[in-house]
Amino acid sequence: MKNLVIVESPAKAKTIEGFLGKDFKVVSSYGHIRDLEKKNAGIEVNNNFKPTYIITEDKKSVVKDLKKLVKQVETVWLATDEDREGEAISWHLFDELKLDKKQTKRIVFNEITKKAISDAINNPRNIDINLFEAQQARRILDRLVGFELSPVLWRKIKTQLSAGRVQSVAVRLIVEREREIDNFVSEAQYRVVADFLSVDSKGEQSLFKAELSKKFQTQKEANDFLEECKEADFVIESLEKKDAKKSPAPPFTTSTLQQEASRKLGFSVARTMLVAQKLYESGKITYMRTDSVNLSDFAIDNAKSIIESNYGSEYSQPRQYKTKSASAQEAHEAVRPSYFENASVDGSRDEKVLYELIWKRAIASQMKDASLERTTARISISKRNENFIAKGEIIKFDGFLKVYLESTDDDNGNGNGSVGGLLPNLSEGQKLSFEKIAATQKYTRPPARYTEASLVKKLEELGIGRPSTYAPTISTIQKRGYVLKEERPGYEREYDILTLNSQKKIYKETKTEITGADKGKLYPADIAMLVNDFLIENFPSIMDYKFTAHIEEELDDIAKGKVDWHKMLKEFYHPFHEKVEHTIEHSERVSGERVLGTDPKTGKQISVRMARFGPVAQLTDLNDPEAKPEYAGLRSTQKLENVTLEEAIELFKLPRLVGQYENEDVVAAIGRFGPYVRHKSKFYSLGKDYDPHIITLEEAIEVIDAKRKSDAEKFIKSFEENSDFQILNGRWGPYLKAGKINVRIPKDVNPSDLTYEDCLRLVEEAPAKKGRRKSR
């Protein structure tokens, strides 16, 4: 063995090894060998600044094995990913393994194919120190912000909070959108649509729809319009036909892949990147972290041959795209299949559907535009100045639509189906009759809440973050409890429809619709709003969109060798640290407290605020300073900012007597761990299925009986010698519960046959439980 190739993961190593000869051994470093030591986050930053590193215990054996292998070979090939993180891993490997520069070669490739690996071996380079320093600057900067800001939040708002250079700005976007929605005032208006009848030369009738060019603000205006339509003549005033084209979307970048996988497949951003990583490491797609829409000449030629073979030469149109993003690096190729011959791949269901999406998008990008014919008919009304407008669209040549159509955040659909409707043969001056004309009450809608996909799109538009940061940022703000990804049912709302029928009679209907329902949308928690307002007030530059985007530009300049990273960090850190110290000393503690009014029954003051375990309503006796306040948790759909006095009073109706079951009270309440019912001194969680304020006795009995059944199935055996010892069925199989200790039962042992003495022996032989690391 003359050559050692080091990559990040075992999956990538296995794929690459298949393309190399016997002289090459491919091994995995299992990701970063080193990590920044957290305690150095607040150190003095100057021109001599160099971060110190540690090797975690679980990585020491990896380093030891790699050092042995290095001594056995002539050449070491560092083949980590071609982005900044990959370059940093190669630098760490070079430094830690104490490699000889003459003995070491750095290779990069955009796809794991035999040709790409061979080209990389033939064209090695040195480690790009600028790329490495840009990655170091990002990590250090993010830690400086996170480790300095987070303790400020612990002191001023609540413990265990965190802040970050990118994550806090992402939370700001979601908070501001929620407030836009809260402040939005919906207005009603009437939209008028007519079903017209057209009769051709053969006497055949065709029905088509047309919409009035004006919307009415009141029901009276809509009704007056329909009254005038009773005796009006409807004539086609003008008919306009235009040829149009629809062009394919460019191949995927990281951002557009995440957005489209969310719309079409329902994938979260993190899930998309996890599946894409597997596809890349198995050699099925190109590198998945990219902001480029370019394709290589090989890919364009490959796509052309597949399109001509499968669909015909008339569908092929090789093309190269240009990115619209000013901040795009375009260091890599777009995300595409490694080989266009493979329209599908083996693997998990997620891998199959994501690969199919990538293949369709990439192949469609090299196909001809779709040719359309759009027709617009303007219909005059003899007694009114308004016009009805009818629009139709036909596809003359489907082009790329044969394979793929991009979805949008508005339709959130799968992009399939008809592109446009058809209009019958019409002519100018033609008279029309109507089957019905309906004026439907519609309400204006607030801006939509962000989905993961639309948040990625917004971050990219603002120049915040890079392809490698979108997924971890969105995952982090959810894990920290700042943002909730939820499905909310909405509520019923009535709306009116006025209809003029062919008998020229107007009748009114009142129907109901569900409004405000959301699925998979991002909601800010109350704590997010408090933290966001505190940071904007005290650290406006950190929370400024333009500042965050400017930092990304500076990091890009470091990667190009235009800016010294020590200087950049120094210029940022000193004024930032001074601001942190000033805020700790002079800013007030924040709880979001609002006094709502007085409880009419008790005369006590009712307020809301952020408490240790979340937002609460508080009932306080101002006349008795020694009296302890009463607390009630807010419902998940309520906000500290806008909960009303009446809503807060309802919260104090808990604990609530629901009824009696088995001659014992059933009480509903909300505790530290959420809503529950209590019966015979036992607690039964309600989860998200029931509201303790309105749960019925029948529903509570269902919850109690279901839990009893589950517990009965869980129980296997107990012991007279010690009632604290029980053998139970758990999620991972039978186990022994010995007081507060849970002990795994060996697979070759029948749990029912265990004696009390056997259990004592299992407890003695059980490995000591590792203690949790103390929080700082």
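In this report, we go over the structure that sits alongside the text. Computed from a prediction, not measured in an experiment: that's the story for all the values here.

### Side note on empty space enclosed by the protein
Thinking step 1. Enumeration according to the criterion identifies two cavities of 30 Å³ or more in this entry.
Thinking step 2. Forming the walls of the second largest cavity are S162, A163, Q167, S168, V171, Y482, A528, V531, N532, L535 and M543.
Thinking step 3. Breaking the lining of the second largest cavity down by element, the ones donating at least two residues are α6 (167-183) and α14 (526-538).
Thinking step 4. Among the elements that take part in the lining of the second largest cavity, α14 stands out by supplying four residues, more than any other.
Thinking step 5. When the residues that make up the lining of the second largest cavity are grouped by side-chain class, the tally is seven nonpolar, four polar and no charged.

### Regarding the sheet that holds strand β1 (residues 3-7)
Thinking step 1. The strand order across the open sheet formed by four strands is β2-β1-β5-β6, and the pairing between neighbours is parallel. Bordering the open sheet on either side are β2 (24-28) and β6 (104-106), each of which pairs with just one other strand. Across this sheet, the average inter-strand angle for adjacent strands is 25°, counted without regard to direction.
Thinking step 2. Pairing geometry for β1 and β2, over five bridges, is parallel.

### Considering unusual backbone geometry
Thinking step 1. A cis geometry characterises the amide bond from L654 onward to P655, with omega recorded as -5°.
Thinking step 2. A positive phi angle, close to 65°, is found at Q160, a residue other than glycine.
Thinking step 3. Within the fold, Q160 resides in the loop between α5 (129-156) and α6.
Thinking step 4. Here E662, not a glycine, exhibits a phi torsion of approximately 60°, which is positive.
Thinking step 5. Locating E662 in the fold gives a position in the loop between β21 (656-661) and β22 (664-671).

### A few points about the packing of aromatic side chains
Thinking step 1. If you walk through the whole model with that rule in mind, you get 18 aromatic pairs.
Thinking step 2. Ring centres of F196 and F388 lie 5.4 Å apart, and the angle between their planes is 80°; on these two criteria the pair is classed as edge-to-face. Taken together, the residues F196 in strand β7 (residues 188-199) and F388 in strand β11 (residues 387-397) connect sequence positions 192 residues apart.
Thinking step 3. Here F196 falls in the buried class, since its relative accessible area comes to 0%.

### Some points on the pattern of salt bridges
For side chains bearing opposite charge, pairing can occur when the charged atoms are close.
Thinking step 1. Going through the model one piece at a time under the given rule, you end up with 53 salt bridges.
Thinking step 2. The salt bridge involving K639 is made with E178; its shortest N-O contact spans 3.1 Å. Taken together, the residues K639 in the loop between β20 (630-633) and α18 (645-651) and E178 in helix α6 connect sequence positions 461 residues apart. Just as K639 is buried, E178 falls in that class too.
Thinking step 3. Residues K402 and D398 are paired through a salt bridge, measuring 3.7 Å at the closest nitrogen-oxygen approach.

### Quick word on the environment of R488
Thinking step 1. For R488, the location among the structural elements is in strand β13 (residues 483-488).
Thinking step 2. R488 gets classed as buried once you look at its relative accessible area, which sits at 17%.
Thinking step 3. Between the alpha carbons of R488 and D518 there is a distance of 5.3 Å; along the sequence they are 30 residues apart.
Thinking step 4. Discounting chain neighbours no more than four positions away, the residues touching R488 are G516, A517, D518, Y523, S636 and T637.

Cut-offs applied
- Residues numbered from 1 in each chain as written.
- Predicted model: local features only at pLDDT ≥ 70, side-chain atom pairs only at ≥ 80, totals over all residues.
- Heavy atoms only, no water.
- 1 Å grid on protein atoms, 1.4 Å probe; cavity = no way out; pocket = protein on both sides within 12 Å on 5 of 7 lines; lining within 4 Å.
- Points joined across faces, edges and corners; volume = space filled by probe spheres on them.
- Helix = DSSP H or I, 4+ residues; strand = E, 2+ residues; numbered from the N terminus.
- Nonpolar A, V, L, I, M, F, W, Y, C, P; charged D, E, K, R; others polar.
- Pairing = 2+ DSSP bridges.
- Axes fitted to C-alpha atoms, helices over the stretch in contact; angles between N-to-C directions.
- Phe/Tyr/Trp six-rings, centres within 6.5 Å; stacked < 30°, edge-to-face > 60°.
- Buried < 20%, exposed > 50% of the residue type's maximum accessible area, 1.4 Å probe, protein only.
- Salt bridge = Lys/Arg side-chain N within 4 Å of Asp/Glu carboxyl O.
- Contact = heavy atoms within 4.5 Å.

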